[in-house]
Amino acid sequence: MADKKPFEIARETLKQLTARKLVPTPANYLSIYNEIAGIPHVPHFPADILRDISQSLPAKTPGQQKQKGLLDYSIDRLSWDGVKSALVAYGGFTPINVPDNGAATSTGGFAAEPAASVAQPAALTAEFLAQIGKLIEYAQPALGNDDVRFNEQTDTLVKALRQPGTDVATAKLMLVNYSHRLSFAAEDQAEVRTTLLKLLHLVFENIGELSLEEQWLKGQMDALMEASTPPLTLRRLDDVERRLKDVIFKQKDAKQKTLQAQNEMRSMLATFVERLSQMTQSTGNFQQKLEESAKLIEQAKSIAEIAPVLKDVVGTTRAMAQESQVSREQMQNMRERATETDAQLAKLHQELDRVSAQARHDPLTGALNRKGLDEALNREVSNVRRKDAPLSVALLDIDNFKKLNDTMGHATGDVALTHLAKVARECMRPQDTLARYGGEEFVILLPDTPLDKGIDAMTRLQRELTKKFFLAGTEKVLITFSAGVAQLVTNEEPADAIKRADQAMYLAKRAGKNRVLGA
């Protein structure tokens, strides 16, 4: 297996998951992948034994309670690193002594946690605690339901916070313990999400490798790769879903047309063979008839005996000619039908390629999407470094876009985005590139343009927007944008230049909006 490429190992892993009827979890996938790749097997994690050890540990101080909770969580995650860290930290805490002045001391080398206050601040009312409980309950769906112990701890905490007369000191201690567990749960969910996205990308890459000759399918995979690349938004996923449904529908239509064409070709071939057989038989009969007629003519002794024979030969010849004409017409019709079907299939495949190409463009504005922007950036950066020419990157963000959506509706927001893209294209040079970066943000690549000229170009675009309104019903709407411009420096990654432009754009927003600042 050492000679196999990663995507071949991954493809075989997916086959084995199906063959062994295993649930496609990250753990199962990793286990089979390591087996095929020849990666050493990791020993079994003794979770039960470690839980028994954890239960026997004293938890007399808040520090011990915290580390014991982290130890339990690390055991649940099967993390040796987490177990090691929790035990090392636990060893630094010893039972604290509280002197008369209330100061807590520790002999373990770490600053001991202060004793919980017994006085209940006036602001921490029962209603306030109940609101905290509601906040925790609302956040719970985002953390999943896989960790049973964490779910139980959440339910216990929410019930305690909603209980009338809850002691603030007790609630605080519970919140402290819960917050540490919460941080690990959130980290775990983030790791699960990242791992699942990696697995999805691996699946998409392998499907693309298996379908190099099907450009429309490659376009679908590119769209899915782009949709599953952070930051994820429901709007991006909805856009890609709509495009993929369109491609899949056309794919089914093309498949049906292909099957229909195959059936017609089979029918035409069968008809051709049948006609050929009939023509062969007719030709044989005609030849035999001619030979018989020739013998009768040779044996005839008068014109009267020849006349019926000639009449019969003429009739047979005419029938043969008519039958040949019918066969030619049928063959011609079948040929025309085959040509028409082939043209329809070619048109369908062209449409599939066209729709798949849209995987690199934003369907709303027609600008490049993140996938297309990455390709354009790589191309422009190569030109910059080859020609030693300047390249400026501008990041635009429509001002008060959320307010526009809330007051006039998302349909008007969509019109605002398309309007900005339209005006930008009218002001841009042919060599400039417009891309939708996400939401109401756009990126414009300005090749052969130093920083000051890039700022001037964005300022001109702002002035042009002030001259052009768009209608939302009968109401004229004027939009503005804030922008940051950065010039790519030597050996700088394109993503870093965009980040600098984004920071300058943020400062432009803070400075009053409808401004352009350089980075």
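See the structure printed just above.
Read on for a plain summary of the structure.

Scoring rules and cut-offs
Residues numbered from 1 in each chain as written. Predicted model: local features only at pLDDT ≥ 70, side-chain atom pairs only at ≥ 80, totals over all residues. Heavy atoms only, no water. Helix = DSSP H or I, 4+ residues; strand = E, 2+ residues; numbered from the N terminus. Buried < 20%, exposed > 50% of the residue type's maximum accessible area, 1.4 Å probe, protein only. Contact = heavy atoms within 4.5 Å. Areas by Shrake-Rupley, 256 points an atom, 1.4 Å probe, with all protein chains shown as cover. Salt bridge = Lys/Arg side-chain N within 4 Å of Asp/Glu carboxyl O. Pairing = 2+ DSSP bridges. Axes fitted to C-alpha atoms, helices over the stretch in contact; angles between N-to-C directions. Core = buried A, V, L, I, M, F, W, Y, C linked by side-chain atoms within 4.5 Å. Patch = residues over 30% accessible without salt bridge, like charges linked within 9 Å, V, L, I, M, F, W, Y side chains within 5 Å. Phe/Tyr/Trp six-rings, centres within 6.5 Å; stacked < 30°, edge-to-face > 60°. Lys NZ or Arg CZ within 6 Å of the ring centre and 35° of its normal. Lys, Arg positive; Asp, Glu negative; His and termini not counted. Expected span 1.5 Å × (residues − 1). Arc of directions from axis to C-beta. Parallel < 35°, antiparallel > 145°, perpendicular 65-115°, else oblique. Left-handed = near helix turned anticlockwise from the far one by under 90°. Nonpolar A, V, L, I, M, F, W, Y, C, P; charged D, E, K, R; others polar.

Describing the overall build of the protein
Along the protein, the regular secondary structure elements total 16 helices and 7 strands. Expressed as a percentage of the 519 residues in the protein, the buried residues total 33%. A separation threshold of at least 6 residues defines the contact pool for the protein, and within that pool the share at least 24 residues apart is 65%. Looking at the protein as shown, the accessible area adds up to about 31400 Å², and 57% of this sits on carbon and sulfur atoms.

With respect to the pattern of salt bridges
Two side chains carrying opposite charge are able to pair once their charged atoms lie near each other. One pass over the full model with this rule turns up 10 salt bridges. Note that lysine 468 is salt-bridged to glutamate 426, the shortest N-O span being 2.6 Å. Here the residue lysine 468 occupies a position in the loop between α15 (451–467) and β4 (470–472), and glutamate 426 occupies one in helix α14 (residues 410–427), the gap between them amounting to 42 residues. Exposure remark for lysine 468: the relative accessible area of 27% places this residue in the partly exposed category. A salt bridge links arginine 500 to glutamate 492; its shortest N-O distance comes to 2.8 Å. Overall, the relative accessible area of 10% leaves glutamate 492 in the buried class. Taken together, the shared-partner salt bridges connect Lys422, Glu426, Glu464 and Lys468 into one network.

Digging into the pairing of strand β2 (residues 433–438)
Of the strand pairs in this sheet, β2 and strand β3 (residues 441–447) are connected by 5 bridges, and their pairing is antiparallel. Across the sheet, alanine 435 pairs through a bridge with valine 443, a residue of β3. Where β2 hands over to β3, the hairpin turn is made up of 2 residues, of which glycine 439 adopts a positive phi near 60 degrees.

Structural notes on the sheet that holds β2
The 5 strands are arranged β2-β3-β1-β6-β7 in an open sheet whose pairing can be described as mixed. Either end of the sheet is taken by a strand with one partner, and the two such strands are β2 and β7 (516–518). Across the sheet, the mean angle from the axis of one strand to that of its neighbour is 20 degrees, orientation sign disregarded. Running at roughly 165 degrees to strand β6 (residues 481–487), α15 makes contact with β1 (391–398), β3, β6 and β7 of the sheet.

Here we look at the nonpolar core
Membership of the largest hydrophobic core comes to 29 residues, with the highest contact counts inside it found for Leu396, Leu434, Ile444, Met458 and Ile479. Mapped by element, the contributors of at least two residues to this core are β1, α13 (401–408), α14, β3, α15, β4 and β6. Counting residues per element, this core draws most heavily on α14, which supplies 6 residues. Counting residues in each nonpolar core, the second largest holds 13 residues, with Leu373, Val443, Ala501 and Met505 among its members.

Some remarks on the pairing of β1
The buried fraction of β1 is high, at 8 of 8 residues. Examined bridge by bridge, β1 and β3 share 7 bridges and lie antiparallel to one another. In the sheet register, leucine 395 faces β3, and the bridge partner there is valine 443. Here 7 bridges tie β1 to β6, and the two strands are oriented antiparallel to one another. Looking across to β6, one finds that alanine 394 is bridged to valine 485.

Overview of a nonpolar patch on the surface
A cluster of nonpolar side chains, Tyr506, Leu507 and Leu517, forms an exposed patch at the surface whose accessible area comes to about 290 Å². Topologically, leucine 517 is positioned in strand β7. The class for leucine 517 is partly exposed, based on a relative accessible area of 32%.

Some remarks on the environment of asparagine 491
Along the chain, asparagine 491 falls in the loop between β6 and α16 (494–510). By relative accessible area, asparagine 491 is classed as exposed at 68%.

Topic: the packing of aromatic side chains
Across all of its chains, the model carries 0 aromatic pairs by this definition. Taking the ring centre of phenylalanine 469 as reference, the NZ or CZ of lysine 476 above it sits at 5.9 Å.

Quick word on unusual backbone geometry
In this structure, aspartate 448 takes a positive phi of about 55 degrees despite not being glycine. The backbone phi angle of asparagine 491 is positive, close to 65 degrees, even though this residue is not glycine.

Some words on the side chain of aspartate 72
As for its position among the elements, aspartate 72 is in helix α4 (residues 62–76). Lysine 68 is the oppositely charged side chain nearest to the buried, salt-bridge-free aspartate 72, at an N-O distance of 4.0 Å. Look past the residues within four positions of aspartate 72 in its chain and what remains in contact with it is Ser54 and Arg181.

Some words on helix α6 (residues 126–143)
Taking 1.5 Å as the rise per residue, α6 with 18 residues should run 26 Å; its terminal C-alpha atoms sit 26 Å apart, in good agreement. When we look at burial in α6, the residues that qualify are Leu129, Gly133, Ile136, Gln140 and Leu143. Projected onto a plane normal to the axis of α6, the buried residues spread over an arc of 70 degrees and lie on a single side. Facing away from the buried surface of α6 by more than 90 degrees, the exposed residues are Glu127, Leu135, Tyr138, Pro141 and Ala142.

Digging into the packing of α4 against helix α5 (residues 80–91)
Where α4 contacts α5, the axes come no closer than 8 Å and their chain directions differ by 165 degrees. The angle between α4 and α5 places the two elements in the roughly antiparallel class. The way α4 lies across α5 gives a crossing that is left-handed. Contacts between α4 and α5 pair Gln64, Gln67, Leu70, Leu71, Ser74 and Ile75 from the former with Gly82, Val83, Ala86, Leu87, Ala89 and Tyr90 from the latter. The residue inventory of the contact of α4 with α5, partitioned by class, reads 8 nonpolar, 4 polar and no charged.

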